[in-house]
Amino acid sequence: MSKWTAADLPDLSGRTVVVTGASGGIGLITARELARVGARVVLAVRDVAKGEAALAGITGRAEVRRLDVSSLDSVRSFADDWTGELDVLVNNAGVMDIPLSRTPDGLDLQTATNYFGPFALTRLLLPHITDRVVHIASQLHRMGHARPDDLNWERRPYQQLDAYNDSKLELVLFSLELQRRLTSAGSPVRSMVAHPGIATTTLASHSASNRINRLRFLLNDPEHGALPTLFAATQDLPGNSYVGPDGPGGIKGHPKVGRPSRAARHNGTSAELWRATAALTGLPE
């Protein structure tokens, strides 16, 4: 059977997609490919100038809007300004392995970018979403630990790579609970998870983890790294599907549906996490 590629994308004319963190890397490739096949794509980016520069390489209907997912004020402003239907939201923006710093909301910057912001953005935009939400996770969620009692790293010594792993596990658990609630409400909207395997992007280039980029022959290039996101955003999949590369360990290859870790499939943890995150972000349960 042939391997799925961006050449297999369906016609998306008439569809609207928001891609966060779309000024570079996998987010930009995702935006470019979805616009190429007819979607109206909104590049939701923190740095508008960088987003505008990225826009120059996109063919089709695309625009740039400011969104800093680490800022709850920015997330609320973006959601408040949205009008009309939104077919697909791709929660792509993320940071990796950075030292502890706090946002103006008092949140750990890494967790705010990777989890709190996507949680708030998804929930605030949900009344507009008609098809699906795609959360970009990582196989490193398998090394994470969900701590609803200390999501904001106030009781534990901060470990920057652990904070990344935990934030990605929290994102996968969010998808689980979101899909449970959507199904319970009779909503047709689906929540999906995609991960790029290990791709040679700039995400880890600033940290000690950048040593992985020196093993390029073992890894996905960014074009292949974007395929699971594109697959999850466009194919007819059941809710809470987990899409990643088909190679050994899910490190590289073409997209296929797999399974997240056992910890990421725990309904009790996902419900507790939802309640704790809602309290931290000021949203109703």
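Being a predicted model, the structure only gives us computed values, none of them experimental.

Chemist: Run through helix α3 (residues 72-81), naming residues and quoting values.
Modeler: Taken residue by residue, α3 has L72, S74, V75, F78 and A79 as its buried positions. Take α3 and look down its axis: the buried residues cluster within an arc of 160°, on one side only. Exposed side of α3, more than 90 degrees from the buried face: D73, D80 and D81 are the residues found there. Buried positions along α3 lie against β1 (16-20), β2 (40-45), β3 (62-66), α4 (109-125) and α8 (267-281).

Chemist: Summarise the side chain of N152; cite the residues concerned and give the values.
Modeler: Of note, N152 is situated in the loop between β5 (129-136) and α5 (160-184). At 2.9 Å, the side chain of N152 forms a polar contact with the backbone oxygen of G106. A distance of 2.7 Å separates the side chain of N152 from the backbone nitrogen of D108, its partner in a polar contact. If sequence neighbours within four positions are ignored, N152 has contacts with R102, G106, L107, D108, F116 and L280.

Chemist: So what's going on with the pattern of salt bridges? Which residues, and what values?
Modeler: For the structure shown, the criterion picks out 18 salt bridges. When the shortest N-O distance is used, the salt bridge between E223 and R32 registers 2.8 Å. Of this pair, E223 sits in helix α6 (residues 222-225) while R32 sits in helix α1 (residues 25-36), placing them 191 residues apart in sequence. Between R40 and E63 there is a salt bridge whose closest N-O contact spans 3.4 Å. Residue R40 is found in strand β2, and its partner E63 is found in strand β3; the two are separated by 23 residues along the sequence. Judged by relative accessible area, R40 falls into the buried class, the value being 17%. Looking at E63, the relative accessible area reads 27%, which means it is partly exposed. In this structure, a network of salt bridges that share partners links the residues R15, D87, D131, R132, R190 and D236.

The rules behind the values
As a convention, each chain's residues are numbered from 1 in the sequence order in which they are written. Local features in a predicted model are, by the rule used here, given only for residues with pLDDT of at least 70; side-chain atom pairs are given and counted only at 80 or more, and totals for whole chains, interfaces and linings are based on all residues. The side-chain numbers reported here are obtained from all heavy atoms of the structure, hydrogens and water having been left aside. Note on classification: 1.4 Å probe, protein chains only; a residue is buried when its accessible area is under 20% of the maximum for its type, exposed when over 50%, partly exposed between these limits. The numbering of helices and of strands both runs from the N terminus, where a helix is a DSSP run of H or I of at least 4 residues and a strand a run of E of at least 2. Comment: arc refers to directions from the helix axis out to C-beta atoms. The criterion used for residue contact is that any of the two residues' heavy atoms lie within 4.5 Å. Counting of polar contacts relies on pairs of N or O atoms within 3.5 Å, with two restrictions inside protein: one atom must be capable of donating a hydrogen and the other of accepting it, and residues adjacent in sequence are counted only when both atoms are side-chain atoms. Basic side-chain nitrogens of Lys or Arg form a salt bridge, by our definition, when they fall within 4 Å of a carboxyl oxygen of Asp or Glu.

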